[in-house]
Every structure is written in C-alpha cells, then in structure tokens.
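Survey of secondary and tertiary structure
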Amino acid sequence: MEIAIALGLIFGLAAVGAGIGNALVISRTIEGTARQPEARGSLMGLMFLGLGLVEAIPIIAVAMGFILFGRL
C-alpha cells in the first residue's frame with residue numbers, strides 16, 4: 001500500500017513539475033517574440049530544446065519509480 005502511494009506521489013509531482021516548467025518556457029518564449037518579432041526563429045529553437053529538457057524530468061522520474069518498485 002505504501003509503495004503505491006509513493007509511486008503515485010513520484011509520478012504526480014513529476015507531471016506537475018513538468019507542466020509548470022512547460023508553461024514557463026512557452027510563456028517566456030511568447031513574451032520574447034512579442035518584444036522582438038525578428039528573433040522568433042531562434043527563440044522557437046531554444047523553446048523546443050527547453051521543452052525537451054523539461055520533459056526529460058518526468059520520464060526519469062517514471063523510470064526511477066519503476067526501478068524502486070522492482071527492488072521492493
């Protein structure tokens with residue numbers, strides 16, 4: 001029972017953190033594009049790189065959760 005709660009917390013907090021991170025990255029990109037429309041191309045490339053890095057966190061958390069589940 002405790003394992004299920006722990007895994008739920010790991011997965012849930014990772015998803016919430018990734019959602020907040022994605023929202024911040026995208027909102028800052030929109031702000032930057034509104035301030036300097038000519039920099040849109042470079043900002044979009046950096047945005048996708050940032051989104052990829054932010055999305056890696058929940059994937060790592062899920063992998064760690066399953067590793068911890070397998071050891072118990």
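Structure's up top.
Residues numbered from 1 in each chain as written. Predicted model: local features only at pLDDT ≥ 70, side-chain atom pairs only at ≥ 80, totals over all residues. Heavy atoms only, no water.

Observations regarding the overall build of the protein
Scanning the protein from N- to C-terminus turns up 2 helices and 0 strands. The C-alpha atoms of the protein give a radius of gyration of 17 Å, which is well past the 11 Å a tight globule of 72 residues would have. Based on the C-alpha atoms only, the size of the protein along its principal axes is roughly 55 × 15 × 5 Å. Considering the protein as a whole, with its 72 residues, one finds that 21% of them fall into the buried category. Excluding contacts between residues fewer than 6 apart, the proportion of contacts in the protein whose partners are at least 24 apart in sequence is 74%. Carbon and sulfur atoms form 76% of the exposed surface of the protein, whose accessible area is close to 5,300 Å². Averaged over its 4 positive side-chain charges, the protein has a centre that lies 5 Å from the centre of its 4 negative ones. (Helix = DSSP H or I, 4+ residues; strand = E, 2+ residues; numbered from the N terminus. Rg over C-alpha atoms; globule rule 2.2 N^0.38 Å. Buried < 20%, exposed > 50% of the residue type's maximum accessible area, 1.4 Å probe, protein only. Contact = heavy atoms within 4.5 Å. Areas by Shrake-Rupley, 256 points an atom, 1.4 Å probe, with all protein chains shown as cover. Lys, Arg positive; Asp, Glu negative; His and termini not counted. Charge placed at Lys NZ, Arg CZ, Asp CG, Glu CD.)

Concerning helix 1 (residues 2-35)
Its 34 residues give helix 1 an end-to-end C-alpha distance of 49 Å, which sits within 8% of 50 Å, the value for a rise of 1.5 Å per residue. Residues Leu7, Ala14, Ala18, Gly21, Asn22, Thr29 and Gly32 constitute the buried set of helix 1. Buried residues along helix 1 sit in contact with helix 2 (40-71). (Expected span 1.5 Å × (residues − 1).)

Re the packing of helix 1 against helix 2
Two numbers describe how helix 1 lies on helix 2: the axes approach to 10 Å, and their chain directions differ by 175°. If you check the angle between helix 1 and helix 2, you find them roughly antiparallel. (Axes fitted to C-alpha atoms, helices over the stretch in contact; angles between N-to-C directions. Parallel < 35°, antiparallel > 145°, perpendicular 65-115°, else oblique.)

The analysis is restricted to geometry; functional conclusions fall outside its scope.
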